[in-house]
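Descriptive structure summary
Letter by letter, the chains look like this.
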Amino acid sequence: MRTPDLTSPTLLTTIIDQLSEHHYCVIDQFLAEPIVAELHALAQARRHAGLTRQAGTGKSATTNANLRGDQIDWLEPEDTHPALQQYFALMADLQQQINRALMLGLDSYETHFAIYPPGTGYSTHIDQFIQHRVAAAPGARTLTAIIYLNQNWPEAAGGALRLYLDTHEALPAQEARHLDIAPLGGRLVLFLSARFWHQVLPASQDRLSVTGWFKTR
Ligand SMILES: O=C(O)CCC(=O)C(=O)O
Ligand SMILES: [Fe+2]
């Protein structure tokens with residue numbers, strides 16, 4: 001199984017340059033197909049074992065399927081599954097490299113599988129809790145990291161991540177300047193959690209990802 005080599009100067013330089021210039025980056029084929037397939041199979045197996053639950057929104061984690069329709073399954077770094085071990089090791093490496101280059105002070109990582117059944121999405125939001133939206137709030141989500149697990153995803157299936165590129169004080173309109181990012185297997189999306197409004201558009205088939213947040217102390 002091959003995982004990306006973060007000691008490769010080109011990959012790391014691309015990530016760092018894109019993050020410092022644009023505050024987000026999209027890296028295709030970040031994860032190789034075998035590990036994407038393993039994580040996909042694991043997410044489905046855990047779903048069938050009843051480990052996923054309806055995701056909530058906000059600190060109280062109120063569930064409202066109109067706002068957010070995914071099923072989530074939180075992952076623990078102690079989990080001995082080889083694909084998860086590889087994933088956690090990779091994200092720890094990424095955290096260290098990004099800290100070294102950008103001094104973001106990333107300190108911990110929380111992550112879950114997310115499964116959006118057909119027709120569901122996640123309405124426009126920001127990943128930082130309102131209570132944390134002051135500089136250097138302790139425990140704030142600082143960098144969002146999403147890896148998609150959908151191999152052979154047809155464009156017609158929808159399910160893009162819509163990232164609103166400008167800062168907006170309040171909820172941006174759907175047609176505000178944005179980038180639509182298809183949830184292609186192996187693709188990594190990183191963005192500063194407090195900076196971007198974003199939403200998940202509904203898809204016509206199950207849409208799987210492993211999503212996480214690097215937090216500051
Ligand atoms: O899956 C995605 O593309 C984004 C998910 C998301 O915005 C979230 O979980 O906060
Ligand atoms: Fe989000």
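Per an unreviewed UniProt entry, the protein chain is named 2OG-Fe(II) oxygenase, and its organism is Methylophilus aquaticus. In UniProt, the protein chain has this text filed under Cofactor (unreviewed entry): "L-ascorbate".

Here's the deal with the coordination of the iron ion (ligand 2)
Donor atoms from the polypeptide that coordinate the iron ion (ligand 2) comprise His 125 (NE2), Asp 127 (OD) and His 198 (NE2), at 2.0 to 2.1 Å from the metal. Read from N- to C-terminus, the donor residues coordinating the iron ion (ligand 2) fall into the pattern H-x1-D-x70-H. Of the two residues, His 125 and Asp 127, both sit in the buried class.

So, the side chain of His 125
With respect to the secondary-structure elements, His 125 resides in strand 5 (residues 122-125). Judged by its relative accessible area of 11%, His 125 is buried. Within the structure, His 125 has its side chain in polar contact with the side chain of Asp 127 (distance 3.0 Å).

Observations regarding the nonpolar core
Among the nonpolar cores identified, the biggest contains 37 residues, and Ile 15, Phe 30, Ile 98, Phe 113 and Leu 190 are the most heavily contacted of them. Elements supplying a minimum of two residues to this core: helix 1 (9-22), strand 1 (24-27), helix 2 (33-48), helix 3 (82-102), strand 4 (106-116), strand 6 (141-148), strand 9 (188-192) and strand 11 (207-216). Top element by residues in this core is helix 3. It accounts for eight residues. Every residue in contact with Phe 30, bar those within four places of it in the chain, is listed here: Pro 4, Leu 6, Leu 11, Ile 15, Leu 90, Ile 147, Gly 186 and Leu 188. Of all hydrophobic cores here, the second largest spans ten residues; its members include Tyr 148, Leu 163, Leu 165 and Ile 181.

Notes on helix 2
Its 16 residues place the ends of helix 2 22 Å apart at the C-alpha level, agreeing with the 22 Å of an ideal helix rising 1.5 Å per residue. Looking at the buried positions of helix 2, the neighbouring elements they touch are strand 3 (71-75), helix 3, strand 4, strand 6 and strand 11. One or two positions beyond helix 2, positive phi appears at Gly 50, with a value near 80°.

Some remarks on the sheet that holds strand 11
The strand order 1-9-6-11-4-3-2 describes an open sheet built from seven strands, whose pairing is antiparallel. Of all the strands in the sheet, the pair left with one neighbour each is strand 1 and strand 2 (53-54). As paired elements, strand 3 and strand 4 share five bridges and run antiparallel to each other. Paired with Leu 75 across the two strands is Thr 111, which belongs to strand 4. Contacts between helix 1 and the sheet are confined to strand 1, strand 6 and strand 9, with strand 1 contributing the most and set at about 150° to the helix. With respect to the sheet, helix 3 is in contact with strand 3, strand 4, strand 6, strand 9 and strand 11, its orientation differing from that of strand 4 by roughly 135°.

Each value, and the rule that gives it
- Residues numbered from 1 in each chain as written.
- Chains lettered and ligands numbered in written order.
- Predicted model: local features only at pLDDT ≥ 70, side-chain atom pairs only at ≥ 80, totals over all residues.
- Heavy atoms only, no water.
- UniProt positions renumbered as here; feature names shortened; annotations may be inferred.
- Donors = N, O, S within 2.8 Å, 3.2 Å for Na, K, Ca; no water.
- Buried < 20%, exposed > 50% of the residue type's maximum accessible area, 1.4 Å probe, protein only.
- Helix = DSSP H or I, 4+ residues; strand = E, 2+ residues; numbered from the N terminus.
- Polar contact = N/O pair within 3.5 Å; in protein donor to acceptor, adjacent residues only side chain to side chain.
- Core = buried A, V, L, I, M, F, W, Y, C linked by side-chain atoms within 4.5 Å.
- Contact = heavy atoms within 4.5 Å.
- Expected span 1.5 Å × (residues − 1).
- Pairing = 2+ DSSP bridges.
- Axes fitted to C-alpha atoms, helices over the stretch in contact; angles between N-to-C directions.

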